[in-house]
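What follows is each chain in one-letter form.
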Amino acid sequence: MNRFLTLVGRDLRLALRQGSDATIAVMFFVLCVVLFPFGVGPEPNILARIAAGVIWVAALLASLLSLERLFQNDYEDGSLELLVLTPLPLEAVVLAKTLAHWLVTGVPLIVAAPLLAVLLNMEADGFGVLVLTLAVGTPVLSLIGAIGAALTLGARRGGVLLSLLILPLYIPVLIFGAGAIDAAILGLSPRPHILLLSGLLAGALPLAPWAGAAALRQAVE
Amino acid sequence: MHRFANPARFLRLSAVIQPWAAGATVVLLVVGLYLSLFGSPPDYQQGDTVRIMYVHVPAAWMALFVYVNMAIAAAVGLVWKHPLADLFSKAAAPVGAGFTAVCLVTGSLWGAPMWGTWWVWDARLTSMLILFFLYLGYMALVNAFDDPERGVKAGNVLLLVGVVNIPIIKFSVDWWNTLHQPASVIRMGGPTIAGEMLVPLLVMAFAFTAYFVSVVLLRLKSEILARKIQTLRLNDAQGR
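What comes next concerns the included structure.

What counts as what
- Residues numbered from 1 in each chain as written.
- Chains lettered and ligands numbered in written order.
- Predicted model: local features only at pLDDT ≥ 70, side-chain atom pairs only at ≥ 80, totals over all residues.
- Heavy atoms only, no water.
- Helix = DSSP H or I, 4+ residues; strand = E, 2+ residues; numbered from the N terminus.
- Buried < 20%, exposed > 50% of the residue type's maximum accessible area, 1.4 Å probe, protein only.
- Contact = heavy atoms within 4.5 Å.
- Areas by Shrake-Rupley, 256 points an atom, 1.4 Å probe, with all protein chains shown as cover.
- Rg over C-alpha atoms; globule rule 2.2 N^0.38 Å.
- Lys, Arg positive; Asp, Glu negative; His and termini not counted.
- Charge placed at Lys NZ, Arg CZ, Asp CG, Glu CD.
- Phe/Tyr/Trp six-rings, centres within 6.5 Å; stacked < 30°, edge-to-face > 60°.
- Salt bridge = Lys/Arg side-chain N within 4 Å of Asp/Glu carboxyl O.
- Expected span 1.5 Å × (residues − 1).
- Arc of directions from axis to C-beta.
- Core = buried A, V, L, I, M, F, W, Y, C linked by side-chain atoms within 4.5 Å.
- Buried area = accessible area lost by both parts, 1.4 Å probe.
- Polar contact = N/O pair within 3.5 Å; in protein donor to acceptor, adjacent residues only side chain to side chain.
- Nonpolar A, V, L, I, M, F, W, Y, C, P; charged D, E, K, R; others polar.

1. Comments concerning the overall build of chain B
Helices and strands together make up the secondary structure of chain B, namely seven helices and zero strands. Along the chain direction, N to C, the helices and strands of chain B fall in the order α-α-α-α-α-α-α. Dimensions along the principal axes, computed over C-alpha positions, put chain B at roughly 70 × 35 × 30 Å. By the burial criterion, 46% of the 240 residues in chain B qualify as buried. For chain B, contacts bridging at least 24 residues in sequence account for 76% of all contacts bridging at least 6. When the accessible surface of chain B is summed, it comes to about 12,400 Å², and 69% of that surface belongs to carbon and sulfur atoms.

Quick look at the structure:
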């Protein structure tokens, strides 16, 4: 557990000192959402109708943005091989790095989302559910993304390939995340959607580090 | 199973099976097409458009069947490191992607007259589209590395991750209320489809399976030969 926290702390320090990852993800998220009123027109009713979906799609793309570098730097400077040799199981290494990635890129998205919901004229009923679904959903995105990042280590054009592999697997998260908000706005219970989303998290939490570790072992073989 | 992991033994065996599979494909396809176009009644509601089913449904079955086989081969390749298992997934992927594409296109052509739209975002259609992207992603990943071994192994992990989609496709029509009709052949309590339609459907399904077997054996053979040529060239270059 101590080693696990040390690894999380190391990744957080690295991300904060380089400084760019967290801010770039949030900036991309905000800009992506801001593009929509220009594209579909400033009509408040239309924006309110599509707000949930737009924010979720933007969050998906923003979390994809920095995934490529999740293992890349460690792979290139050789520290990944040392991490494989530590007594800490490789599954825990993947989980620690994913947790750090989520803290750096996922949490700022959750903070920024209500502001964007105001800009898109979303109804007030949806705000709480929006934050809740993002809080449950973005860790799933980071976990699934970690598998893709581990698989594409050392590949040619890894970034483009990563999005091709990962985006289809993101679709269930998107469906239930946006569905919960729509249900809340329409006055229905968002509970079933949130429970299914939590189920995805409960499934991804043990399985994704396992698959990611299998992929990493082949990368450093 | 380990007995047939030897490439030389496999090549001898496949040389025996392959012509039979190719012949069976031709015979079954001719019989199946005759039965489905002329030998079966039109549907009382859909008329002659129902004949699209005889291509659409077997293609959909094959798309799932090929993916499951590739995933099993991926697990075998990861656990026992059989070289043939790795090559099988690589050889089968384009064929499976082709079946998925045929399923999506014929489904769209069938949807236009029956549902009044080429495409709906319904659970069965969407999960089938995801399967298509999984095939494409697998093929892109396998070819993305300078070292082919590494590409195949990364692809194996991806195949196993993608298996979660298979039960979603199969049961999507039962779990969600969709425009796509529920299962009528492979279901609890036996098929509900009429007998004179079931026979051509099954013949076509066997024709597609025979086609898959013959093409995959051919592709596997060429993969093995390509590996041999590469090894010979490498030895040549090293001056041995």
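That shown, we press on.
2. Observations regarding the overall build of chain A
Within chain A, the secondary structure is distributed over nine helices and zero strands. Walking chain A from its N terminus toward its C terminus, one meets helices and strands in the order α-α-α-α-α-α-α-α-α. Whereas a compact globule of 221 residues would reach a radius of gyration of roughly 17 Å, chain A reaches 18 Å, a difference of no more than 12%. Each principal axis of the C-alpha atoms in chain A carries an extent, and together these give about 55 × 35 × 30 Å. In chain A, buried positions account for 51% of the 221 residues. Within chain A, residue pairs in contact and separated by at least 24 positions form 81% of the contacts whose partners lie at least 6 positions apart. Element-wise, carbon and sulfur atoms account for 70% of the exposed surface of chain A, whose accessible area totals about 10,100 Å². Here chain A carries 11 positive and 13 negative side-chain charges, and the mean point of each set is 6 Å from the other.

3. Points about the packing of aromatic side chains
What describes a pair of aromatic rings is the distance from one ring centre to the other and the angle between the planes of the rings. Residues and elements named next belong to chain B. Applying the stated criterion across every chain yields a total of seven aromatic pairs over all chains. Taken together, a centroid distance of 5.7 Å and an interplanar angle of 80° make the contact between Y67 and Y135 edge-to-face. With a gap of 68 residues between them, Y67 in helix α2 (residues 53–80) and Y135 in helix α4 (residues 123–142) connect regions that are remote in the sequence. Between the aromatic rings of F99 and Y211, the centroid separation amounts to 6.2 Å while the plane-to-plane angle is 85°, which identifies the pairing as edge-to-face. Residue F99 is found in helix α3 (residues 83–114), and its partner Y211 is found in helix α7 (residues 195–237); the two are separated by 112 residues along the sequence. Classification of F99 as buried rests on a relative accessible area of 7%. An aromatic cluster is defined as three or more aromatic residues linked by ring pairs; in this entry it consists of F65, F88 and F212.

4. Brief notes about unusual backbone geometry
Even without being a glycine, N121 of chain A presents a positive backbone phi close to 70°. Topologically, N121 of chain A is positioned in the loop between α6 (90–119) and α7 (125–151). The class for N121 of chain A is partly exposed, based on a relative accessible area of 38%. For K81 of chain B, which is not glycine, the phi torsion reads 55° and is therefore positive.

5. Things to note about the pattern of salt bridges
With the rule as written, the count across this model stands at eight salt bridges over all chains. K90 of chain B is the salt-bridge partner of E223 of chain B, the closest N and O atoms lying 3.9 Å from each other. With a gap of 133 residues between them, E223 of chain B in helix α7 and K90 of chain B in helix α3 connect regions that are remote in the sequence. Using a relative accessible area of 17% as the deciding quantity, one classes E223 of chain B as buried. Three or more residues joined by partner-sharing salt bridges are found here, namely R10, D11, D74 and K97 of chain A.

6. Points about helix α1 (residues 2–18) of chain A
Residue and element names in this part refer to chain A. The terminal C-alpha atoms of α1, which comprises 17 residues, lie 24 Å apart, in line with the 24 Å expected from a rise of 1.5 Å per residue. Of the residues making up α1, those classed as buried are F4, L7, V8, D11 and A15. Viewed along the axis of α1, the buried residues span an arc of 100°, placing them on a single side of the element. α1 presents N2, T6, L16 and R17 as exposed residues on the side facing more than 90 degrees away from its buried surface.

7. Side note on the nonpolar core
Membership of the largest hydrophobic core comes to 137 residues, with the highest contact counts inside it found for F29, I55, F71 and M122 of chain A together with M70, L131 and F212 of chain B. Residue contributions to this core peak at 14 residues, all from α2 of chain B. Setting aside residues no more than four positions away along its own chain, F29 of chain A makes contact with I55, A58, A59, A62, L109, A112, A113 and L116 of chain A.

8. Topic: the interface of chain B and chain A
Between chain B and chain A, the residue contacts involve 19 residues of the former and 20 residues of the latter. Summing both sides of the interface, chain B and chain A together bury roughly 1,700 Å²; the carbon and sulfur share of this comes to 70%. Counting across the interface, chain B meets chain A through zero salt bridges. Between the two partners, chain B and chain A, sit one residue pair in polar contact (both at pLDDT 80 or more). It is α4 of chain B that provides the largest number of residues to the side of chain B that touches chain A, a total of eight residues. A breakdown of the residues in the side of chain B that touches chain A according to their chemical character gives 14 nonpolar, two polar and three charged.

It is worth stressing that arrangement in space is one thing and function is another; only the former is reported here.
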